[in-house]
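# An overview of the molecular structure
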Amino acid sequence: MPTLNYGKVAIHYEIYGDGFPILLFAPGGMRSAISFWQGSEWNPIEDLSPSFMVIAMDQRNAGSSRAPVSAASGWSDYTKDHIALLDHLNIEKTHLLGGCIGGPYCLGVIQSAPERVCSAVLQQPIGEEDNRDLFYSMFDAWADAIKGDHPEASQLDWESFRANMFNQRFLYNTSRQFVKECQTPLLILMGSDPYHPESVSREIADLSPNAKLIEKWKNPSTDNTIEQVQSFLHAHTPTS
């Protein structure tokens, strides 16, 4: 099982196919792990690996990945993991594809290292729309299941971590101003439920100067989802 180890962090990842890299961030909220792609509307590991090198990963403290928890834990730790994995694999430039919580993860990497991201696909990204209670409940259920593995963290640490993740507005880890200035090409597969509000997808598409919104995509065989994603990625893959 390939694992990136740095400091006290261990990140499990898997690689499928050859070609230009795509780093995947799975759906599943705080439980975001490779296995969640199997239950998604479509599986980019299966559908993109014939043409690209697809890199799937378990986020910290999800699946087989582990990391310490503290009051300072938050989005920046995830971005640090993502960039550390790219460094570990000697990848200078990549596409990103994120489902659910993976949408903000994509934008976190773009904000931190824009020169390394050729494009990003945001599949029904999460965002703020009078739904904080939903994300608090999701976080608490995840945290309660793993607290026994983290004696280093107090209840106050967990509450601070939760606030760091979900007390901000819009996309939780990036601002409207950043999205407005983001030059990275974005393909947004629109969300349509309280965790993935349609309004958030539409606002990202309206704000970003190089974004395209796809409204219907959840039936890949009739919506041409895979073809549209592949076309977008190929269009933004460097030729040299």
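Up top is the structure these notes are about.
Note that this is a predicted model, so its numbers are computed, not measured.

## Concerning unusual backbone geometry
Glycine aside, negative phi is the norm for most residues, and most peptide bonds take the trans geometry. For N90, which is not glycine, the phi dihedral falls at a positive 55 degrees. Looking at the element boundaries, N90 is found in the loop between helix 2 (75–88) and strand 5 (94–99).

## Remarks on the nonpolar core
Most often, soluble globular proteins have nonpolar side chains that are buried together. M30 and F166 are the most contacted members of the largest nonpolar core, which has 53 residues in total. A total of 7 residues in this core trace back to one element, the largest contributor, which is helix 4 (residues 132–146). If sequence neighbours within four positions are ignored, M30 has contacts with N61, A62, Y78, I101, M138, F139, W142, F161, M165 and F166. Counting residues in each nonpolar core, the second largest holds 22 residues, with A26, I45, L48 and L189 among its members.

## Here we look at the packing of helix 2 against helix 3 (residues 102–112)
Orientation of helix 2 relative to helix 3, taken along the N-to-C sense of each, is 70 degrees, at an axis distance of 9 Å. As summarised for this structure, helix 2 and helix 3 are arranged roughly perpendicular, according to the angle between their axes. On the side of helix 2, the interface is formed by W75, Y78, T79, H82 and I83, while helix 3 contributes P104, Y105, G108, V109 and S112. For the contact of helix 2 with helix 3, a count of residues per class yields 6 nonpolar, 4 polar and no charged.

## What about the sheet that holds strand 1 (residues 3–6)?
Read from one edge to the other, the open sheet built from 8 strands follows the order 1-2-4-3-5-6-7-8, with strand pairing classed as mixed. Among the strands making up the open sheet, the edge pair consists of strand 1 and strand 8 (211–214). Adjacent strand axes in the sheet meet at a mean angle of 20 degrees when their direction is disregarded. As judged from the 4 bridges shared by strand 6 (residues 117–123) and strand 7 (residues 186–189), these two strands associate in the parallel manner. Considered in strand 7, the bridge of L122 is made with I188. In the packing of helix 2 onto the sheet, contacts are made with strand 1, strand 2 (9–16), strand 3 (21–25), strand 4 (53–57) and strand 5, and the angle to strand 1 comes to roughly 110 degrees.

How each quantity is defined
- Residues numbered from 1 in each chain as written.
- Predicted model: local features only at pLDDT ≥ 70, side-chain atom pairs only at ≥ 80, totals over all residues.
- Heavy atoms only, no water.
- Helix = DSSP H or I, 4+ residues; strand = E, 2+ residues; numbered from the N terminus.
- Core = buried A, V, L, I, M, F, W, Y, C linked by side-chain atoms within 4.5 Å.
- Buried < 20%, exposed > 50% of the residue type's maximum accessible area, 1.4 Å probe, protein only.
- Contact = heavy atoms within 4.5 Å.
- Axes fitted to C-alpha atoms, helices over the stretch in contact; angles between N-to-C directions.
- Parallel < 35°, antiparallel > 145°, perpendicular 65-115°, else oblique.
- Nonpolar A, V, L, I, M, F, W, Y, C, P; charged D, E, K, R; others polar.
- Pairing = 2+ DSSP bridges.

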